[in-house]
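Residue-level listing of the chains:
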Amino acid sequence: MVIYFPFDGNILDMIIIPVQFNICFNNIELHYYNKKSEDLNPVPDVLTSDWGAIFKEFIESNKGKCIIIDLRGIKVDEKVFDKWKELSDISLIYMNCDELIVNSIKKAYNENMIDIRKADGIYCNACCGSFLEKSKLGDNFIDKVITYYADECAKRLALDGKDNIIKKNNSSNIYASFYMDIKKLFSKKENMNVFLFGLYKKIELIKEYDYFVVVSNNGAIMANILSYLFKKEVLYLLNLGPTIALSNRDLKSKIKTNAKYLYVYDFLCLGNELKILDMLLKINGAQLTYGIGVAQLLSSERYERNGYKIDSLVKLEDYKDSFKYTISLYEEREE
């Protein structure tokens with residue numbers, strides 16, 4: 001079972017269970033649909049009774065903790081809540097509950113649920129209400145829980161994706177205080193799963209695009225998987241630069257006229273490749289609508305100059321203690 005701790009050191013003895021993530025990547029094999037394999041949803045979105053029993057068993061093995069159940073992107077069999085309400089001696093918080101889930105929860109609990117923050121779809125059982133009252137937790141606690149997935153991505157990026165050896169960033173032609181090594185980050189399978197699922201959840205909300213486009217090998221790896229999940233083709237413009245942009249005559253045949261493209265990137269530094277890509281698509285009668293990636297150095301507003309939107313799982317400016325990123329035009333040398 002994949003779980004996360006919203007606070008460093010788990011000081012409040014709380015754990016978060018991302019339900020859909022576990023259903024997607026857990027090795028336990030359950031028959032999700034009685035259909036042919038090609039009809040299966042590559043990202044399951046139904047919490048069945050069988051899965052409900054598995055989660056219930058895990059929750060029961062963690063008595064004494066406050067369990068936060070993330071139901072984002074999930075449809076729930078009502079029988080699941082009928083079973084979970086039996087866990088009356090365990091503090092449970094349900095987060096990311098849509099209207100249908102809220103109705104199912106209230107029906108199972110006979111309306112005996114506490115509304116922690118209705119606007120964000122966060123509810124808890126009576127036992128958890130007592131826990132929160134004794135702990136005297138305020139809105140800061142809820143704010144921290146809401147950002148847990150981005151915080152987890154930032155923690156993994158800082159731990160496994162940071163190379164403190166100063167290297168030249170060829171796309172931006174600058175020297176940085178450290179190098180974002182996405183290939184190193186993805187060398188751990190569990191990291192790949194976490195970041196790909198995060199990208200999936202962001203792209204799932206985007207409707208106005210026809211194809212993915214990538215300009216790097218790391219971006220190509222991610223886009224290949226996302227292409228399968230979203231049934232979208234990928235335009236490969238690897239090692240994109242001014243020379244290629246001006247001399248490659250095959251580009252006109254590769255880029256679809258009037259098509260809308262979603263740019264998948266690994267790390268966005270100063271955005272030079274983004275500018276070239278936007279210009280190249282426009283010259284060939286296409287449009288860049290979104291850019292989604294693992295991480296970015298600057299705020300989204302600094303990149304969004306020509307109508308497209310930029311978003312990342314990790315915005316370095318939100319985690320300045322973990323990423324003290326500085327840039328220079330010259331390489332610093334020891335005297």
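Please refer to the structure higher up on the page.
Conventions adopted
Residues numbered from 1 in each chain as written. Predicted model: local features only at pLDDT ≥ 70, side-chain atom pairs only at ≥ 80, totals over all residues. Heavy atoms only, no water. Disulfide = S-S within 2.5 Å. Pairing = 2+ DSSP bridges. Helix = DSSP H or I, 4+ residues; strand = E, 2+ residues; numbered from the N terminus. Axes fitted to C-alpha atoms, helices over the stretch in contact; angles between N-to-C directions. Polar contact = N/O pair within 3.5 Å; in protein donor to acceptor, adjacent residues only side chain to side chain. Contact = heavy atoms within 4.5 Å.

Visitor: An account of the state of the cysteines is requested, with residue identities and associated values reported.
Guide: Under the definition given, this model contains 0 disulfides. Counting only cysteine sulfurs, Cys128 is the nearest neighbor of Cys127, a cysteine outside any disulfide, at a range of 7.3 Å.

Visitor: Tell me about the sheet that holds strand 7 (residues 122-124), residues and numbers included.
Guide: Strand pairing in a sheet takes place through backbone hydrogen bonds and is either antiparallel or parallel in direction. Overall, mixed pairing links the 5 strands, which are arranged 1-3-5-7-6 in an open sheet. Two strands lie at the open edges of the sheet, namely strand 1 (14-18) and strand 6 (114-117), each paired on one side alone. Adjacent strand axes in the sheet meet at a mean angle of 25° when their direction is disregarded. Here strand 3 (residues 66-70) runs beside strand 5 (residues 91-95); their pairing, made up of 5 bridges, is parallel. Bridge pairing links Cys66 to Ser91 in strand 5.

Visitor: An account of the side chain of Asp160 is needed here, citing residue identities and associated values.
Guide: By secondary structure assignment, the location of Asp160 is in helix 7 (residues 148-160). Within the local environment of Asp160, its side chain forms a polar contact with the side chain of Asn191, the two groups lying 3.0 Å apart. Residues contacting Asp160, with those up to four places away along its chain left out, are Asp181, Lys184, Leu185, Lys188 and Asn191.

Visitor: Talk me through the sheet that holds strand 14 (residues 260-268); I want residue IDs and the actual numbers.
Guide: Reading across the sheet, the 5 strands line up as 13-12-14-15-16 and stay open at both edges, with parallel pairing between neighbours. Only two strands of the sheet have a single partner each, and these edge strands are strand 13 (234-236) and strand 16 (309-315). Pairwise comparison of adjacent strand axes, ignoring direction, gives a mean angle of 25° for this sheet. By the bridge criterion, 3 bridges tie strand 12 (residues 211-214) to strand 14 in an arrangement that is parallel. Bridge assignment links Val213 to a residue of strand 14, and that residue is Tyr263. Contacts between helix 9 (residues 189-203) and the sheet are confined to strand 12, strand 14, strand 15 (287-296) and strand 16, with strand 16 contributing the most and set at about 150° to the helix.

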